[in-house]
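Topology and contacts: notes
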Amino acid sequence: MPAPEAIEEAAADYAAACDRTRVGERGKRKACKILDRLPAGNYGGWIVECLPSSRQTPDLDSIRATYKRLNLGPDPMRTCAPSLRITAAAADVVTFPAATEPATAQLAA
């Protein structure tokens, strides 16, 4: 396990990066409100165009229809991956690990 100082530094770095990402995403959304309405073209030093994506996603409506047509039961679902959440702790919170007595005494209790 890393040292508590390394964990604190990593958590602070992660929280700061999340804040920068949120600011960047807000800026992108604001710019897209203007750029999405433009026709493709050359605007000053920028070329604005909308290109089709090469990514593909499952057609969920088709999958549902196939399951229903073949009487395969409910649609297969899986849980999402857990999300990492970093929250600044209050100053009076005892940090992990907070062993004030030997572990064997804690197990006996």
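Everything here concerns the structure above.
This text gives an overview of the structure that appears in the document.

Cut-offs applied
- Residues numbered from 1 in each chain as written.
- Predicted model: local features only at pLDDT ≥ 70, side-chain atom pairs only at ≥ 80, totals over all residues.
- Heavy atoms only, no water.
- Helix = DSSP H or I, 4+ residues; strand = E, 2+ residues; numbered from the N terminus.
- Buried < 20%, exposed > 50% of the residue type's maximum accessible area, 1.4 Å probe, protein only.
- Areas by Shrake-Rupley, 256 points an atom, 1.4 Å probe, with all protein chains shown as cover.
- Patch = residues over 30% accessible without salt bridge, like charges linked within 9 Å, V, L, I, M, F, W, Y side chains within 5 Å.
- Salt bridge = Lys/Arg side-chain N within 4 Å of Asp/Glu carboxyl O.
- Lys, Arg positive; Asp, Glu negative; His and termini not counted.
- Charge placed at Lys NZ, Arg CZ, Asp CG, Glu CD.

Before going further, it helps to spend a moment on the overall build of the protein. Along the protein, the regular secondary structure elements total 3 helices and 2 strands. Taken from the N to the C terminus, the helices and strands of the protein come in the order α-β-β-α-α. Here the protein holds 109 residues, and 1% of them are scored as buried. Only carbon and sulfur atoms are counted for the fraction: they give 60% of the accessible area of the protein, which is about 10,700 Å².

A few words on the environment of cysteine 50. With respect to the helices and strands, the residue cysteine 50 is situated in the loop between strand 2 (46-48) and helix 2 (60-69). When the C-alpha positions of cysteine 50 and leucine 35 are compared, they lie 9.7 Å apart, and in sequence the two are 15 residues distant.

A cluster of nonpolar residues, Ile34, Leu35, Leu38 and Tyr43, forms a patch on the protein surface that exposes about 330 Å² of accessible area. Relative to the helices and strands, tyrosine 43 is located in strand 1 (residues 41-43). The partly exposed category is assigned to tyrosine 43, whose relative accessible area is 32%.

This next bit is on unusual backbone geometry. Unlike most non-glycine residues, asparagine 71 shows phi in positive territory, near 55°. Inspection of the secondary structure puts asparagine 71 in the loop between helix 2 and helix 3 (103-108). A relative accessible area of 68% means that asparagine 71 is categorised as exposed.

Right, let's get into a positive patch on the surface. On the surface, Arg26, Arg29, Lys33 and Arg37 cluster together into a patch of positive charge. For arginine 29, the position within the fold is in helix 1 (residues 4-35).

A separate point is the pattern of salt bridges. What the rule picks out here adds up to 4 salt bridges. Among the ionic pairs, aspartate 19 bridges to arginine 22, the shortest N-O distance being 2.4 Å. Taken together, the residues aspartate 19 and arginine 22, both in helix 1 and 3 residues apart, mark about one turn of the helix. Take arginine 22: its relative accessible area is 45%, and that puts it in the partly exposed class.

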